[in-house]
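Spelled out from the first residue to the last, the chains are:
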Amino acid sequence: MGIAIAIDGPAASGKSSVARRVAEELGFVFVNSGAMYRAFAWRVVGKEVDANNEQAVLDLLQATQFECGEEEGVGTVVVNGVDPGEGLTSDSVNSTVSAIAAYPEVRERLVAAQRAYREHCNVVMEGRDIGSVVFADTPYKFYIDASPEVRERRRREQGIVDSIADRDRQDSSRKASPLVAVEGAIVVDSSDLNLEEVVREVLCGLKGQGLSLGAE
Ligand code: CDP
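Here's a quick rundown of the structure. (Residues numbered from 1 in each chain as written. Predicted model: local features only at pLDDT ≥ 70, side-chain atom pairs only at ≥ 80, totals over all residues. Heavy atoms only, no water.)

What follows deals with empty space enclosed by the protein. In this structure the tally under the stated criterion is 1 cavity of 30 Å³ or more. Roughly 50 Å³ of volume is contained in the largest cavity. Surrounding the largest cavity, Asp8, Arg128, Gly131, Ser132, Lys141, Phe142, Tyr143, Val180, Ala181, Val182 and Ala185 form its lining. The leading source of residues in the lining of the largest cavity is strand 6 (residues 141-145), at 3 residues. The class makeup of the residues in the lining of the largest cavity is 6 nonpolar, 2 polar and 3 charged. (1 Å grid on protein atoms, 1.4 Å probe; cavity = no way out; pocket = protein on both sides within 12 Å on 5 of 7 lines; lining within 4 Å. Points joined across faces, edges and corners; volume = space filled by probe spheres on them. Helix = DSSP H or I, 4+ residues; strand = E, 2+ residues; numbered from the N terminus. Nonpolar A, V, L, I, M, F, W, Y, C, P; charged D, E, K, R; others polar.)

Here's what the structure looks like:
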């Protein structure tokens, strides 16, 4: 069983970039759990299934195979033999993903795939419920936050049309595994920090918890 580092936070808080850099520093595999929810949302959109029609979404889930692997230290996801690629960040996926991520059966399937990574490697995984559910037993938990204004600005600068406020509301208020800063997580507010500064805070936190870094 490998080591898991959990990094959670709201949309555009910078957690993806931070998790990727921390994984590089440690030689761990980086996994974006959101990509798995996005991959299923991409299939829901592609099959023209109404994301609010729970039964139709669950029927499609039954007919969906996920292959979650790893390439050069980064998690990959293939859906029924197809790599969604850029489709993962399309406008229609942005506006559907939180609805399908709220269904407990969808979460159950994807949480199992997420947990499987730790069976054979050390992993830095980012998402919404990694510290609270997926790897609730890990001592290494971080919550990366940023003000709503800063997060909206970051997305605009990336040229992405995203319904951040909407997703925040849905992700925080849903019954199944809502977004929370779990007790014991080290909270980092990235509003006024650059990427390297946040990475440094996370690596310091890990060191403080006794996780020796790289070749040390
Ligand atoms: O765009 P951002 O990086 O903030 O989001 P993401 O990590 O790609 O996740 C997209 C959506 O998937 C979130 O808005 C959640 O609805 C859902 N998600 C989740 O429910 N649980 C996770 N562990 C990760 C993502």
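Next comes the rest of the write-up.
Enumeration over the complete set of coordinates arrives at 1 aromatic pair. Ring centres of Phe40 and Phe66 lie 6.0 Å apart, and the angle between their planes is 70 degrees; this geometry places the pair in the edge-to-face category. Here Phe66 lies in strand 3 (residues 66-71) and Phe40 lies in helix 2 (residues 33-46), a separation of 26 residues in the sequence. The exposure classification of Phe40 matches that of Phe66, with both residues buried. (Phe/Tyr/Trp six-rings, centres within 6.5 Å; stacked < 30°, edge-to-face > 60°. Buried < 20%, exposed > 50% of the residue type's maximum accessible area, 1.4 Å probe, protein only.)

A few words on a negative patch on the surface. Taken together, Glu70, Glu71, Glu72 and Asp83 make up a surface patch of like negative charges. The topology assignment puts Asp83 in the loop between strand 4 (74-79) and helix 4 (91-101). (Patch = residues over 30% accessible without salt bridge, like charges linked within 9 Å, V, L, I, M, F, W, Y side chains within 5 Å. Areas by Shrake-Rupley, 256 points an atom, 1.4 Å probe, with all protein chains shown as cover. Salt bridge = Lys/Arg side-chain N within 4 Å of Asp/Glu carboxyl O. Lys, Arg positive; Asp, Glu negative; His and termini not counted. Charge placed at Lys NZ, Arg CZ, Asp CG, Glu CD.)

Okay, the environment of Asp162 next. For Asp162, the position within the fold is in the loop between helix 7 (148-157) and helix 8 (164-173). For the pair Asp162 and Glu201, spaced 39 residues apart in sequence, the C-alpha separation works out to 28 Å. If we ignore the near neighbours within four places in the chain, the residues touching Asp162 are Asn94, Arg155 and Arg167. (Contact = heavy atoms within 4.5 Å.)

The environment of the ligand is formed by 20 residues, the closest being Arg38, Arg107, Asp129, Arg155 and Asp171. Note that an oxygen atom of the ligand is positioned 2.7 Å from one of the side-chain N or O atoms of Asp171. Out of a free accessible area of 530 Å², the ligand has 97% covered by protein chains. Sorting the residues of the shell around the ligand by element identifies helix 2, helix 4 and helix 8 as the ones contributing at least two each. For the shell around the ligand, the element with the most residues is helix 2, which contributes 4 residues. Across the shell around the ligand, the residue classes break down as 6 nonpolar, 5 polar and 9 charged. (Near = heavy atom within 4 Å. Polar contact = N/O pair within 3.5 Å; in protein donor to acceptor, adjacent residues only side chain to side chain.)

Coordinates in, geometry out; function isn't part of it.
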